[in-house]
Amino acid sequence: MQTYKMFIDGKWEDAANGDTFETKNPFNGQTWAAIPKGGREDAERAVEAAHRAFTSGPWPKLTASARGHLLRRLGDLIAENAEHLATIEVTDNGKLINEMLFQLKYIPQWYYYFGGLADKIEGAVIPIDKADTLNFTRNEPLGVCVGITPWNSPLLLLAYKLAPALAAGNTFVAKPSEFTSASTLEFAKLVEQAGFPAGVFNVVTGFGADVGETLTTHRYVAKIAFTGSEGTGRKIGELAARNFKKVTLELGGKSPHIVFDDAEIDNAVNGVISGIFAATGQTCIAGSRLLVQRKIHDQFLEKIVNLAKTARMGDPLLTSTQVGPVTTPPQLEKILGYINIAKGEGAECVLGGGRPDNAELSRGWFVEPTIFSGVRNDMRIAQEEVFGPVLAVIPFDSDEEAVHIANDTNYGLAAGFWTQDMRRILKVSAAIQAGTIWVNTYRVISYMSPLGGYKHSGIGRENGIASIQNYMQTKSVMISTAEDVANPFIMR
Ligand SMILES: NC(=O)C1=CN([C@@H]2O[C@H](COP(=O)(O)OP(=O)(O)OC[C@H]3O[C@@H](n4cnc5c(N)ncnc54)[C@H](OP(=O)(O)O)[C@@H]3O)[C@@H](O)[C@H]2O)C=CC1
Ligand SMILES: CCCCCC/C=C/C(=O)O
């Protein structure tokens, strides 16, 4: 049993009231760590520390190059500790070690990339149409930024927010999900080791309702970057709007994954299976609605069922495991609930549909890879985010119908399709309303490429050069070079 402390103002702290909560391993349901149950007071302390660090002390005096150097040093430390961090993530969220090792080895790139960008943030000199006036712009940091992250990929989704925020000169308070706080606290040790000044990065652990809301409403907080559910995103957006705080929201998805009849079928089968069953379906970009052209529908369905049947469920720390548990007991209940809803709606369960009948797996929070065929796009199983290993299969006839079904959802985070026809690739990728489109591949992400949602899937884009603008504001400076300032009562 491991005991953690929070990281506030460069110090390792218990919650003000001394409370802790347990964090459990989804593979066996066992408690493995105690996390401080921070509350309002702790959240306020963290924001105040971040505010002090932003306004005084060494951080605002650092050159942009020095900030970049610190970020690159942090990237190196993450790389050196990738295996340890990946193991903590797996113990906390049950994702496969293969996936988390890949993530942890890739995450340093965010700190290198945005570290490299820190000293390339330039203003402009604008030739305004005013005589004797020099006009230039400065891109300035916002102040205290808050990152509220979910349990599916805690350190990756933190990197999306923290790396550009620090590169731009802000300070930061992180609030990880109550279900997966340990990795962010382990990560804070590396921030300390990298030599960031006290208060520049803080972690408050605890529950969304009190810690999260305090962070969202505190008057010193300038910006909230959130990844999570649509419902919590809406709450955060509403609270932030009342005080004109800036937000980036990366919310849910019901991503269409389309297979046209000219697709390379074996590649498409592999892409579709990994699109929904990798990460046990617990990813906002899961390809959870499979649209298959009618001509190949039955053959394709048979192939994916046969492949999904072979998935090895088990200990996510074993590299041979292909499907791990779901992360939380509420999530398990939610997924089983949706499976019942789909059955009640008349969809045909052609694979899985419950918890595995296996003594070892029954200790953990496992759901069988599940496939429903005969789904209509107006069913709840096709419209609502399940966030689990549940695939809804819908037939279609024409390209127009595929695009119509793909877009007939409130979400618009991602989409994928498989075809060999270049004209179709260009037309369909333009017609689908989603922030990321994959063609003949799925779930590829890069620190260099913007991602985010259309419609209810969110506001703003993370990653890519432009995302650093989410953490800056522009000031326009006008300097008169005129010798006389005349005519006091007119606008200049
Ligand atoms: N887009 C994505 O990547 C994700 C989407 N989801 C979707 O959300 C569903 C539910 O998962 P859940 O964990 O409840 O997701 P939430 O959106 O509730 O949680 C995400 C983060 O927000 C925090 N939070 C919760 N309430 C508030 C609040 N009022 N103010 C500020 N922060 C808050 C949570 O803290 P705490 O953990 O303490 O509640 C957590 O850190 C999933 O089934 C899935 O559909 C979930 C995870 C990721
Ligand atoms: C297009 C949105 C991409 C979100 C990437 C984050 C994914 C995390 C995960 O799959 O765990």
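Nothing here was measured: the structure is a model prediction, and the numbers come from that model.

**Student:** Residue-level account of the domain arrangement of the protein, with values.
**Tutor:** When the parts of a complex come together, some accessible area is lost, and that lost area is often taken as the interface size. Along its sequence, the protein is carved into domain 1 (2–251 + 457–477) and domain 2 (256–439). For domain 1 versus domain 2, the separation of C-alpha centres amounts to 31 Å. Viewed at the interface, domain 2 and domain 1 are joined by nine residue pairs in polar contact (both at pLDDT 80 or more). Among the residues making up the side of domain 1 that touches domain 2, the classes are represented as eight nonpolar, 11 polar and seven charged.

**Student:** Outline the sheet that holds strand β4 (residues 20–24), supporting the account with residue identities and numerical values.
**Tutor:** The three strands lie next to each other as β1-β5-β4, forming an open sheet whose pairing is mixed. Here the strands that pair on one side only, and so sit at the sheet edges, are β1 (2–3) and β4. Pairing of β4 with strand β5 (residues 31–36) involves five bridges; the strand directions are antiparallel. Paired with K24 across the strands is T31, a residue of β5.

**Student:** I'd like a description of the UniProt feature "domain: Aldehyde dehydrogenase" (unreviewed entry) in the protein, backed by residues and values.
**Tutor:** Under the feature "domain: Aldehyde dehydrogenase" (unreviewed entry), the UniProt entry names residues 12–477. Secondary structure across residues 12–477 divides into 39% helix and 19% strand, with the first and last C-alpha atoms of the span separated by 41 Å.

**Student:** I'd like to hear about the nonpolar core, residue by residue, with values.
**Tutor:** Core analysis: the biggest nonpolar cluster contains 61 residues, and W110, Y111, F187, F196 and F201 have the highest contact counts within it. Among the elements that take part in this core, helix α6 (residues 154–167) stands out by supplying 11 residues, more than any other. Those residues in contact with W110, other than ones at most four positions away along the chain, are G115, L156, A159, Y160, A163, S446, Y447 and N463. Grouped together as the second largest cluster of nonpolar side chains are 33 residues, L291, A347, V375 and F417 included.

**Student:** So what about the environment of A286? Which residues, and what values?
**Tutor:** Its location among the elements puts A286 in the loop between α10 (265–277) and β14 (289–293). Judged by its relative accessible area of 6%, A286 is buried. A286 sits 144 residues away from A430 along the chain, and the two C-alpha atoms are 20 Å apart. Once residues lying within four places of it in the same chain are set aside, the contact partners of A286 are S255, G275, I276, G281 and Y442.

What counts and how
- Residues numbered from 1 in each chain as written.
- Chains lettered and ligands numbered in written order.
- Predicted model: local features only at pLDDT ≥ 70, side-chain atom pairs only at ≥ 80, totals over all residues.
- Heavy atoms only, no water.
- Domains from an automatic or database assignment.
- Polar contact = N/O pair within 3.5 Å; in protein donor to acceptor, adjacent residues only side chain to side chain.
- Nonpolar A, V, L, I, M, F, W, Y, C, P; charged D, E, K, R; others polar.
- Pairing = 2+ DSSP bridges.
- Helix = DSSP H or I, 4+ residues; strand = E, 2+ residues; numbered from the N terminus.
- UniProt positions renumbered as here; feature names shortened; annotations may be inferred.
- Core = buried A, V, L, I, M, F, W, Y, C linked by side-chain atoms within 4.5 Å.
- Buried < 20%, exposed > 50% of the residue type's maximum accessible area, 1.4 Å probe, protein only.
- Contact = heavy atoms within 4.5 Å.

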